[in-house]
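Chain and residue survey
What follows is each chain in one-letter form.
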Amino acid sequence: MQEKGTISIHTENIFPIIKKFLYSDHEIFLRELVSNAVDASQKIKRLAQLGQYSGELGDLTVEVSFDQDKKTITISDSGLGMTAEEIKKYINQIAFSGATEFVEKFKDAKDANEIIGKFGLGFYSAFMVAKQVEINTLSYQEGATSARWTCDGSTEFEISEGDRKTRGTDIILHINEDSEEFLDKWKLQGILDKYAKFLPIPIKFGTKSQSVEDGVDDKGEKKWKSVEVDNIINTTTPIWTKSPNDLKDEDYLAFYKELYPMSEDPLFWIHLNVDYPFNLTGVLYFPKVKNDFEFQKNKIKLFSRQVFITDEVKDIVPEFLMLLHGVIDSPDIPLNVSRSFLQSDGNVKKINNYITKKVADKLAELFKKDRKVYEEKWNDIGLFVKYGMISEEKFAEKGKDFTLLKNTNGEFFTPAEYKEKVKALQTNKEEQVVYLYATDVAKQDAFIQSANKKDYDVLVMDSPIDSHYIQHLEMKEEKTTLKRVDSDVVEKLIVKDDGYANLLTEEQSTQVKEIFEKAIGSQTYSVAVEGLSPEEMPVTVTMDEFMRRMKEMAQMGGGM
Ligand code: ADP
Ligand code: MG
């Protein structure tokens, strides 16, 4: 049999458009073809389970190989294969119309990078690197004969008899001149590592040498020899596909090391698993956050049915969770869409809320289970929790119960506990409650000491996020103001009958005050003379809280 034909699609020449689009991402051809091979293998497994296929399943390993002389890359599977009729249906019609649809949808997109994942192009992506694509396949169906299809990416195709003797499909790419870089072992290995590392069917790429025991030598010592074994590039059941009940801490830690070999152990993790109203699995880790946290952002890897898609999860994961590490796998995240669409997508919103809730629940659980341990971790997670508090309303609702405030004595309080503590120390219970805080414990030490001596508590607010968190607290806590400990004399900040008396007369105080004011020569600062004793800060020079915040805001260019 031999048949030539024309594939009927609406847009005649889609190829140049696709090529232009995906220019920077040609390597995804391999992801698409390998995942098709995996799909075909899963399907034959399923058919066998359903009793619709009674032959031997055999070894379902998918093999990727290349030939530098012939300039080909071949992807072979032992999946369900295709008959000639099926090729016409699935490749000529579905694959090509899928590509057409893709182009129709995105030809007006300004920037190809706008389209995340660039998924959905499927089989057709082979033509990004191949001048000719050949399919040689044998269907699992009784009495099927092998079929061969060839096409150069235009709408002309050819079908003839194939020579595949065993069930399954070979996709042979005749690599074009511009893409010869792909005819390289390390290049291909790298692409497979990136996209196929966790696919559910073993993927073989060449062989590798391995040391095996080889008896003992004359002295009774073990001998080793090197043998060539299949180079299987993937782990077929990564931990996120397993049940949390079957996993130990070591498993989670080992997986973390596999993902981020250079990183310190994470603090804790959350196993995500939901199948309604959307399907999502994954493991999120809380890393030890360093000061260079910009560097740690964007470490979450997004998968769709174990196929790696992207590590740009912005818009899928709430901004404040971008610091987390780990894996999210969801077939329900629309991948072949632009970012602006993604932000308004219903599923993405639900996923966002789900992850936020899970993270909040986990923190609440840790806090409840062992507060001491939680407090020890606060240095590493505080920044992140506060970021969540100020940026996500839903998180803030739960987070107020496990956010901690630390005072200069190293004691921790929830905001509610702290309010009670401070109220008890202040006499003006009916009015504003004032929390004192320090942004630099060393620099503001004299003020802290002085406040402590008079029984006032001082919070430490020294992280980059704290100025925003302070505003958040003032907004959320009724009748509460936060004042930096050096923003005025403590007695003026907090009305409290403390029984301290000025040793100077009023006249003496005024004189001292004038001397200091003259010396400073600035309206921004104010001078107060308490004149208790030389140890008790007889004179304090302060800057008003409001003035200082305004000044800081001006310096930062107006907030986050
Ligand atoms: P998708 O995988 O999203 O269905 P593709 O364009 O990747 O779209 O593939 C189109 C169709 O071609 C598949 O749905 C499948 O029916 C068929 N196909 C592709 N590769 C293979 C293969 N290796 N074995 C069997 N069928 C395949
Ligand atoms: Mg596909």
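If you're wondering where the values come from, they're calculated on a predicted model, not measured in any experiment.

1. Re the overall build of the protein
Check the secondary structure of the protein and you find 16 helices and 21 strands. Here the analysis covers contacts within the protein between residues at least 6 apart in sequence; of these, 66% occur between residues at least 24 apart.

2. Re helix 13 (residues 466–476)
Those residues of helix 13 that sit buried are Asp466, Tyr469, Ile470 and Leu473. Down the axis of helix 13, the buried side of the element spans an arc of 105 degrees, and every buried residue falls inside it. Contacts made by the buried residues of helix 13 are with helix 9 (371–391), helix 11 (415–425) and strand 19 (480–484).

3. Details of the UniProt feature "binding site: ATP" (unreviewed entry) in the protein
Cross-referencing UniProt, the feature "binding site: ATP" (unreviewed entry) maps to Glu32, Asn36, Asp77, Met82, Ser97, Gly98, Thr169 and Arg339 in the present numbering. For Glu32, the position within the fold is in helix 2 (residues 28–49). On the basis of neighbour counts, which here come to 21 C-beta atoms within 10 Å, the residue Asn36 falls in the buried class.

4. Let's talk about the environment of Ile159
Mapped onto the secondary structure, Ile159 falls in strand 6 (residues 156–161). With 22 C-beta atoms packed within 10 Å, Ile159 lands in the buried category. Sequence separation of Ile159 and Asp69 is 90 residues, and the distance between their C-alpha atoms is 25 Å. Once you skip the residues sitting within four places of it in the chain, Ile159 turns out to touch Glu3, Ala84, Ile87, Ala147, Arg148 and Trp149.

5. Focus on the nonpolar core
In this structure, Val34, Ala126, Leu192, Ile203 and Val283 are the most contacted members of the largest nonpolar core, which totals 117 residues. Broken down by element, the residue count for this core peaks at nine residues, all from helix 2.

6. Some words on the sheet that holds strand 19
Ordered by their spatial adjacency, three strands build an open sheet running 18-17-19, and the pairing between neighbours is parallel. The outermost strands of the open sheet, each flanked by one partner alone, are strand 18 (458–460) and strand 19. Across the sheet, the mean angle separating the axes of adjacent strands is 40 degrees when strand polarity is ignored.

7. Quick look at the pairing of strand 2 (residues 62–67)
Here strand 2 runs beside strand 8 (residues 203–216); their pairing, made up of three bridges, is parallel. Paired with Val62 across the bridge in strand 8 is Ile203. Note that strand 2 and strand 3 (residues 72–77) share five bridges and pair antiparallel. Across the sheet, Phe66 pairs through a bridge with Ile73, a residue of strand 3. The loop that links strand 2 with its antiparallel partner strand 3 comprises four residues; one of these, Lys71, has a positive phi angle of about 55 degrees.

8. Notes on the packing of helix 2 against helix 4 (residues 185–196)
Interaxial distance between helix 2 and helix 4 falls to 10 Å at its minimum, and their mutual angle equals 60 degrees. In terms of orientation, helix 2 and helix 4 fall into the oblique class. The interaxial crossing formed by helix 2 with helix 4 has right-handed handedness. Packed against helix 2, whose contacting residues are Leu30, Arg31 and Val34, the element helix 4 presents Ile191, Leu192, Tyr195 and Ala196 at the interface.

The rules behind the values
Throughout, residues of each chain are indexed from 1 in the direction in which the sequence is written. A letter from A marks each chain and a number from 1 marks each ligand, given out in the order of writing. Confidence filtering applies because this is a predicted model: local features only for residues at pLDDT of at least 70, side-chain atom pairs given and counted only at 80 or more, and all residues used for totals across whole chains, interfaces and linings. Secondary structure follows DSSP: runs of H or I at least 4 residues long count as helices, runs of E at least 2 residues long count as strands, and numbering of each begins at the N terminus. Think of it this way: build a C-beta for each residue from its backbone, and any pair within 7 Å is a contact. Put simply, a residue is buried when 20 or more other C-beta atoms lie within 10 Å of its own C-beta and exposed when 12 or fewer do; between those, it is partly exposed, and each C-beta is set from the backbone. The arc in question is the one traced by the directions running from the helix axis out to the C-beta atoms. UniProt positions are given in the numbering used here, feature names are shortened, and annotations may be inferred rather than shown by experiment. Each nonpolar core comprises buried Ala, Val, Leu, Ile, Met, Phe, Trp, Tyr and Cys residues, the members being joined through C-beta atoms within 7 Å. A pair of strands is treated as paired once DSSP finds two or more bridges between them. Axes here mean lines fitted to C-alpha atoms, for a helix over just the part in contact, with angles spanning 0 to 180 degrees between N-to-C directions. To sort the angles, those under 35 degrees are grouped as roughly parallel, those over 145 as roughly antiparallel, those from 65 to 115 as roughly perpendicular, and the leftovers as oblique. We call a crossing left-handed when the near helix sits turned anticlockwise from the far one by less than a right angle, and right-handed when that turn is clockwise.

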